[in-house]
Amino acid sequence: MSPTARKSRFFTPDPAAPESLCENPGCALPGEFRAPQSPQNLRAYRWFCLDHVRAYNASWDFYKGMSAHEIESERREDSGWQRPTWPLGRLGARAVRRGHGGRAQ
């Protein structure tokens with residue numbers, strides 16, 4: 001990204017926003033800001049005006065409805081960016097045995 005095309009630190013309307021009203025009941029402002037529908041469906045969005053997307057995001061609880069075990073599992077996956085992990089040193093020890101660096105014992 002070029003220095004002149006820096007993203008604003010403030011909310012700006014989404015250029016992909018549909019031409020519709022805010023999804024908050026009774027609001028007549030344009031729905032220009034997206035928010036995920038649910039933790040199970042993060043790629044489907046609801047569209048709100050700025051004030052209502054702020055309120056929606058403030059009340060967002062990704063872990064709502066999960067058991068303690070499910071929350072812990074999700075947190076462990078997130079600590080490794082949801083990629084497979086293995087104990088530190090396990091692969092390094094195998095490389096030493098093969099003579100690929102490090103000190104052989």
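These lines cover the structure that appears in this document, whether it is placed above or below. (Residues numbered from 1 in each chain as written. Predicted model: local features only at pLDDT ≥ 70, side-chain atom pairs only at ≥ 80, totals over all residues. Heavy atoms only, no water.)

### Digging into the pattern of salt bridges
Reasoning step 1: Under the counting rule described, the total for this entry stands at three salt bridges.
Reasoning step 2: Of the charged contacts in the structure, one is a salt bridge between D14 and R34, with a shortest N-O distance of 3.4 Å. With D14 in the segment before β1 (33-38) and R34 in strand β1, this residue pair connects regions lying 20 residues apart in the sequence.
Reasoning step 3: Given the relative accessible area of 43%, R34 is considered partly exposed.
Reasoning step 4: In this structure, the salt-bridge partner of R46 is E23, at a minimum N-O distance of 3.2 Å. One end of the pair, R46, is in strand β2 (residues 41-48); the other, E23, is in the segment before β1, with 23 residues separating them in the sequence.
Reasoning step 5: Taking relative accessible area as the criterion, E23 reaches 35% and is therefore assigned partly exposed. (Salt bridge = Lys/Arg side-chain N within 4 Å of Asp/Glu carboxyl O. Helix = DSSP H or I, 4+ residues; strand = E, 2+ residues; numbered from the N terminus. Buried < 20%, exposed > 50% of the residue type's maximum accessible area, 1.4 Å probe, protein only.)

### Focus: the environment of D61
Reasoning step 1: You can see D61 is positioned in the loop between α1 (50-58) and α2 (68-79).
Reasoning step 2: Looking at D61, the relative accessible area reads 41%, which means it is partly exposed.
Reasoning step 3: Put simply, D61 and P39 are 22 residues apart on the chain and 8.3 Å apart in space, counted from C-alpha to C-alpha.
Reasoning step 4: A distance of 3.2 Å separates a polar atom in the side chain of D61 from the backbone nitrogen of Y63. (Polar contact = N/O pair within 3.5 Å; in protein donor to acceptor, adjacent residues only side chain to side chain.)

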